[in-house]
Amino acid sequence: MSKTSNNHRPSVTFSTGVRSASYGGTRDRTMPPAVPAPIYRHAAPSGPWPWMDFDTDSDLTLNRDNAPTSPGAAGQVWRGYPESLFGNWKPDQVKRSKMLSNCSELDMCSVHWLDVLTDGTFTILDKEGRDQTTRVTPERINEFWELLQTPRPANIRVRALFVDNLSMSVLQMLGTKYNIEPFFFSSSLNWIPSHYQEEVRRSKGDHITITLPFMRAMQNPVTRPPTPVDDSESPGSVRSLPSQLIFTDEDQVIDTQAALALSGGNILLLDLLAVHMVRSEDSSTIISYHPSSSFRRPSPKQLHSLVYRAGQSVYWQKIFAQSKDPTFLFLAILWYALYAWDQAFESLYAHINWLESQVLLTNNINLTRKLHIIQAHLLHYQSLLQDFRKSVEFLNKTPNPAMDSDDYSSDERKDSMGLMAKECANLLSEIGRLENRRLMLSSRLKNVMDLAFATVNIFDSKHMKDLTEATVRDSGAMKQISYLTMIFLPASFTASVFGMNVDQITGQPGQETLARYLAVALSLTCATSWLVVACQSRSPFVSEDSTLLQRAGWPVVYLLKKFNEKWRQKSLPRFQNIV
């Protein structure tokens, strides 16, 4: 690429200012925060009430009295965005969407530029060969607005802006300059999946937006080793998992919006691809939003470099040479999400392999908790992949209106649409492969869960067998003791009888008589039997619903019951004969 390939736009590089600490430093040992749960009703402009909740807005007519934000000082017409351009966005709705409050005004915002020329070549350098990166500081925000107003050269087909650490001023500038629907920024800042087309102008152009959450793998900041790990073994093998990186999740709950920690020293976390494209017949624009540094996702510079490298591939060079539709750059950006999904499933596959080995080697029932956590995340991944598929289908079914202009022949439009359908089918095929892999992992996980339960059941069965054998041995010992007792029982009874101090046995007068002994013994036996039966909750003599009085007189109640039963048995045949 020659240095003069982009000699049409002045490059402005602002002072560096104070840069916020980027993620990935060796001192950062905390997990990335969970992303907010998406609020789907606020995803697209087709909803007539942006960021209004009927259960909390007691007075729905309050908004009409809210005055829009003033444009600000002279030359800062962008200060009134979004209220100045979109009347249905009132100050309270803008505040509720956190569109502006989530942006920072103190840190530096970086914008990485990429141009696709009319001949299909990609360039990221200015005419002096420097990287086209604009650093916007609070002191020099007006210079960025002047840069946006600079007319583009005629040989730029599409310009892509990758925004890092989006500030409120840059958001308002971009929204005002390109007349961007505020839903793009509110959906992006709140991680809401969406795809829509608006401001369609026949033969002129339109606006399309895709906000796509997806999964990606990264190194676990909590278990990251202080020194690089030996790469002699494959990172996906179970043997290569360092012992200090084995993950324990006693404190982890099932939160699909949070990062999923794996056993190989990696985590799976949600990332966001938020792209707004302004398609026009002259020169189109792509704006790529990226989460703030607090969510610790890869910097926009990485995606900027990857898209540039895609333009250097022979395959995509042929595509941009065959078709003048700038939408193909949008399609190339979507491949970033697919690569991230594929790497995430590779890490998850290695983690499930490790869990399988643990289930085979141990019988720990606590492993099922980890398995259920992964299963919940796999179910969440199903909806994310469906959103991915819908986004690609939306891009395929939303042709560029600018291609209907007289600048393009019918053959060029037909070839471009055919090429777009082919490339979208290729991406959809890869998404289908990801879904099949997710199903395979889910089925394999279910198999591991069944194996875990079966292993525990086998262990319990073995334990019960041991208890049964011990009980049988104890029963044999008790039987032997019973036999011995039976042998000595007659002699013991005889000794007890001859040891009684009664007149009939000793022959000495003045002692107790045998009649008194029998009377006391029989009385105590009857009293004990009565008390045992009365206190039992269930017995043949007392029913469960008996009252306290019935229990106390159970001998009488039982005899009356038996008498009634016998009387009925005798009376029933007589009654039948009479009838």
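Note that the coordinates shown come from a computational prediction; the quantities given were computed from them, not determined experimentally. Residue positions within a chain follow its written sequence, with the count starting from 1. Totals for whole chains, interfaces and linings use all residues, but because this is a predicted model, local features are given only for residues with pLDDT of at least 70 and pairs of side-chain atoms are given and counted only at 80 or more. The side-chain quantities take in all heavy atoms of the structure and omit both hydrogens and water.

Draft legend 1. Quick look at a nonpolar patch on the surface. To count toward a patch, a residue needs a relative accessible area over 30% and no salt bridge; like charges are then connected within 9 Å, while nonpolar side chains (Val, Leu, Ile, Met, Phe, Trp, Tyr) are connected within 5 Å. To be clear on the numbers: accessible area is Shrake-Rupley with a 1.4 Å probe, and residue cover counts the displayed protein chains and nothing else. Salt bridges are identified by distance alone: a Lys or Arg side-chain nitrogen within 4 Å of an Asp or Glu carboxyl oxygen. A grouping of Leu514, Tyr517, Leu518 and Leu522 is seen on the molecular surface, where their side chains present a nonpolar patch of about 380 Å² in accessible area. Comment: elements are numbered from the N terminus, with helices defined as DSSP H or I runs of at least four residues and strands as E runs of at least two. Its place among the elements puts Leu518 in helix H11 (residues 514-535).

Draft legend 2. Focus on the pattern of salt bridges. Counted by the stated rule, this structure contains 12 salt bridges. Two residues, Glu281 and Lys204, come together in a salt bridge whose shortest N-O distance is 3.3 Å. One end of the pair, Glu281, is in the loop between strand S8 (266-280) and strand S9 (284-289); the other, Lys204, is in the loop between strand S5 (194-201) and strand S6 (205-219), and 77 residues separate them in sequence. Residue Glu281 is classed as partly exposed on the basis of its relative accessible area of 23%. Residue Lys204 is classed as partly exposed on the basis of its relative accessible area, which comes to 41%. The closest approach of N and O atoms between Glu435 and Arg438, which form a salt bridge, is 3.0 Å. Here Arg438 and Glu435 lie together in helix H9 (residues 410-498), a separation of 3 residues that amounts to about one turn. With relative accessibility at 3%, the residue Arg438 sits in the buried group. Taken together, the shared-partner salt bridges in this structure form one network comprising Asp342, Glu430, Arg433 and Arg437. Partly exposed describes any residue whose relative accessible area lies between the buried limit of under 20% and the exposed limit of over 50%, with all areas from a 1.4 Å probe on protein chains only and scaled to the type maximum.

Draft legend 3. Broad picture of the confidence of the model for the protein. Predicted confidence across the protein gives a mean pLDDT of 80, with 83% of residues reaching 70 or more. You can read pLDDT as the predictor saying how much it trusts each residue, on a scale of 0 to 100. Across the protein, the element-wise mean pLDDT spans from 71 in helix H10 (residues 503-506) up to 94 in S9. Across residues 60-69 the pLDDT falls below 50, and counting only partners more than four positions away or on other chains, this stretch makes 14 contacts in the model. Low pLDDT, under 50, characterises residues 227-250; the predicted model gives this stretch 33 contacts beyond four residues in sequence or across chains. Contact between two residues is taken to exist if any of their heavy atoms lie within 4.5 Å; hydrogens are not considered.

Draft legend 4. View of the pairing of S5. Here S5 pairs with S6 via 6 bridges, running antiparallel. Paired with Ser194 across the two strands is Thr211, which belongs to S6. Pairing between strands is defined by DSSP: at least two bridges between them are needed. The hairpin formed by S5 and S6 contains 3 residues between the paired strands, and Ser203 there has a positive phi angle of roughly 65°.

Draft legend 5. Molecular detail of the nonpolar core. By size, the foremost hydrophobic cluster in this structure holds 112 residues, and its most contacted members are Leu174, Leu273, Leu334, Trp341, Leu348 and Tyr381. Each residue touching Leu334, except ones within four places of it in the same chain, is listed here: Ile210, Leu212, Leu273, Phe388, Val392, Leu395 and Leu427. Grouped together as the second largest cluster of nonpolar side chains are 5 residues, Met218, Ala259, Ala261 and Leu269 included. The definition of a nonpolar core used throughout is a set of buried Ala, Val, Leu, Ile, Met, Phe, Trp, Tyr and Cys residues joined through side-chain atoms within 4.5 Å.

Draft legend 6. Looking closely at the pairing of strand S1 (residues 109-117). The buried fraction of S1 is high, at 9 of 9 residues. Side-chain alternation along S1 places Cys109, Val111, Trp113, Asp115 and Leu117 on one buried face and Ser110, His112, Leu114 and Val116 on a second face that is also buried. Sheet topology places S1 next to strand S3 (residues 133-136); 4 bridges connect them, and they run antiparallel. When the sheet's bridge partners are listed, Cys109 is paired in S3 with Val136.

Draft legend 7. Structural detail: the side chain of Asn400. Checked against the element boundaries, Asn400 lands in the loop between helix H8 (367-396) and H9. Overall, the relative accessible area of 4% leaves Asn400 in the buried class. Whenever two N or O atoms come within 3.5 Å, that pair is a polar contact, provided that in protein one can donate a hydrogen and the other can accept it, and provided that, for residues adjacent in sequence, both atoms are side-chain atoms. A polar contact of 3.3 Å, which involves the side chain of Asn400, links it to the side chain of Asp325. Of note is the side chain of Asn400, whose polar atom sits 3.1 Å from the backbone nitrogen of Ala402.

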